[in-house]
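# A closer look at the structure
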Amino acid sequence: MVIAVDGPTASGKGTLARRLAAHFGFAYLDTGSLYRAAALRLLRAGGDGADTDAAVAAAQGIGPDDLADPALREEATGNMASRVAALQPVRDALFALQRDFAACPPAGLPGAVLDGRDIGTVVCPDARVKLFVTADVAARARRRHLELTGQGQEVAYETVLRDLKDRDARDSARATAPLARADDAVLIDTTKLDIEAAFSAALEACASRMDGS
Ligand code: CDP
Ligand code: CDP
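Each chain has its residues counted from 1, running along the sequence as written. Whichever chain is written first becomes A and whichever ligand is written first becomes 1, with later ones labelled in order. With the structure being a predicted model, the display of local features is reserved for residues of pLDDT at least 70 and the display and counting of side-chain atom pairs for 80 or more, all residues being used for whole-chain, interface and lining totals.

## A closer look at unusual backbone geometry
Just so we agree on the cut-off: Secondary structure counts use DSSP, requiring at least four H or I residues in a row for a helix and at least two E residues in a row for a strand, with both numbered from the N terminus. With C-beta atoms placed from the backbone, the exposure class of a residue follows from how many other C-beta atoms lie within 10 Å of its own: 20 or more, buried; 12 or fewer, exposed; in between, partly exposed.
Within the chain, Ala10 stands out as a residue other than glycine whose phi angle is a positive 60°. Checked against the element boundaries, Ala10 lands in the loop between strand 1 (2–6) and helix 1 (13–24). Judged by C-beta crowding, with 24 C-beta atoms within 10 Å, Ala10 ranks as buried. Not every positive phi belongs to a glycine, and Ala107 is a case in point at roughly 60°. Ala107 sits in the exposed class, given 5 other C-beta atoms within 10 Å.

## Regarding the UniProt feature "binding site: ATP" (unreviewed entry) in the protein chain
We count it as follows: UniProt positions are given in the numbering used here, feature names are shortened, and annotations may be inferred rather than shown by experiment. With C-beta atoms placed from the backbone, a contact is any residue pair whose C-beta atoms sit within 7 Å.
Here the UniProt-annotated "binding site: ATP" (unreviewed entry) positions come out as Gly7, Pro8, Thr9, Ala10, Ser11, Gly12, Lys13, Gly14 and Thr15. Those residues in contact with Ala10 that sit more than four places away from it in its chain are Arg140, Arg143, Arg144 and Leu164. Position of Gly14 among the secondary structure elements: in helix 1. In contact with Gly14, other than residues within four places in its own chain, are Asp30 and Asp115.

## Thoughts on the site of ligand 2
To be explicit about the condition: Nearness rests on one distance test: the residue's C-beta atom, set from the backbone, must lie within 6 Å of the molecule or strand. Put simply, Ala, Val, Leu, Ile, Met, Phe, Trp, Tyr, Cys and Pro go in the nonpolar bin, Asp, Glu, Lys and Arg in the charged bin, and everything else, Gly too, in the polar bin.
Close to ligand 2 lie 15 residues, the nearest being Gly12, Lys13, Gly14, Thr15 and Arg143. At the level of secondary structure, the elements contributing two or more residues to the shell around ligand 2 comprise helix 1, helix 8 (137–150) and helix 10 (195–210). The element best represented in the shell around ligand 2 is helix 1, accounting for three residues. Of the residues in the shell around ligand 2, the class split is four nonpolar, seven polar and four charged.

## Quick notes on the site of ligand 1
Every one of the 17 residues lining ligand 1 counts as a neighbour, but Thr9, Gly32, Ser82, Ala85 and Gly116 are closest to it. If you list the elements that add at least two residues to the shell around ligand 1, you get helix 2 (31–44), helix 5 (75–84) and helix 9 (157–173). If one sorts the elements of the shell around ligand 1 by residue count, helix 2 sits on top with five residues. Partitioned by chemical class, the residues of the shell around ligand 1 number four nonpolar, eight polar and five charged.

## Notes on the packing of helix 2 against helix 3 (residues 52–59)
Here is the rule: Note on method: axes are straight lines fitted to C-alpha atoms, helices fitted across the in-contact stretch only, with angles between N-to-C directions ranging 0 to 180 degrees. Roughly parallel here means an angle under 35 degrees, roughly antiparallel means over 145, roughly perpendicular means 65 to 115, and every remaining angle is called oblique. The sense of a crossing depends on the near helix, which, turned anticlockwise from the far helix by less than a right angle, makes the crossing left-handed and, turned clockwise, makes it right-handed.
Contact geometry for helix 2 and helix 3: axes closest at 8 Å, N-to-C directions at 120°. With respect to each other, helix 2 and helix 3 are oriented oblique. Note on packing geometry: the crossing formed by helix 2 with helix 3 is right-handed. Note on element contacts: helix 3 touches helix 2 through Ala54, Ala55, Ala58 and Ala59, opposite Ala38, Arg41 and Leu42. Here the contact of helix 2 with helix 3 is composed, by residue class, of six nonpolar, no polar and one charged.

## Topic: the nonpolar core
Using the following cut-off: For this analysis, nonpolar core means a set of buried Ala, Val, Leu, Ile, Met, Phe, Trp, Tyr and Cys residues linked through C-beta atoms within 7 Å.
One finds Ile3, Ala4, Val5, Val113 and Leu114 to be the most contacted residues of the largest nonpolar core, which totals 28 residues. Of all the secondary-structure elements, those providing two or more residues to this core are strand 1, helix 1, strand 2 (27–30), strand 3 (112–116), helix 7 (119–123), strand 4 (129–134) and helix 10. Look past the residues within four positions of Val113 in its chain and what remains in contact with it is Ile3, Val5, Ala17, Leu20, Ala21, Phe26 and Tyr28. Counting 20 residues, the second-largest nonpolar core is a separate cluster that includes Ala37, Ala39, Ala58 and Val90.

## Examining the pairing of strand 1
Regular strands place side chains that alternate from one sheet face to the opposite one. Here is the rule: Between any two strands, pairing holds if DSSP finds at least two bridges.
Of all five residues making up strand 1, five are buried, and the element is well covered by its neighbours. With five bridges connecting them, strand 1 and strand 3 associate as parallel partners. Note that in strand 3 the partner of Val2 across the bridge is Ala112. Bridge count for strand 1 against strand 4 is four bridges, and the pairing is parallel. Note that in strand 4 the partner of Ile3 across the bridge is Val129.

Here it is, written out as structure tokens:
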């Protein structure tokens, strides 16, 4: 049983995916953290997003230590992540890990929840449940700004909004695995939903898709 959760940055997809995994007792994979880990390794090696070979090297052999690095959540890492994520060879390098996680969740768990940009379209096109989580750009920028200032990062709201729009444009316009709602994905717009209400909407969608399993 696979639940695919896609959507743009700060739409609330990670929060939702984590809660769904806990609710159903499924394994959870934040696929964005894989791209972030590749980006961070690239940044630390002094590389840039234009160097495909260096980016692929950074995407190979990502381990638990990379995924636990607090610098993963920084905006600079997220912005570089969306650059390396536009490179097909980088996506190829991260594909098997994601597909294997979905096909064979760790610890023998009965299902998996993956969140990202292309889970319902590319990584798990046969997922039983597909959710596309979104919210308007101002709401997302406010959430991300709150998060960053809460972590002690000094950044202006306007900067967060601009970066978020840039990232949306890059993620949606790229030729390879662009951010897109799968035809069979249930849309959840969280602009006016708090976390609890979004979770209820997601559970309802899951119930209708899991019916008869
Ligand atoms: O948390 P946030 O939504 O800001 O970003 P993320 O999910 O950590 O992803 C960081 C970047 O990785 C995104 O901007 C995407 O460009 C890329 N990504 C992707 O291309 N495909 C995925 N399945 C997940 C992330
Ligand atoms: O994974 P993604 O980048 O899509 O977003 P997230 O990390 O789940 O949520 C981004 C921020 O928005 C977090 O601080 C959440 O607590 C908040 N949030 C919210 O205010 N209302 C929601 N319905 C969902 C998330």
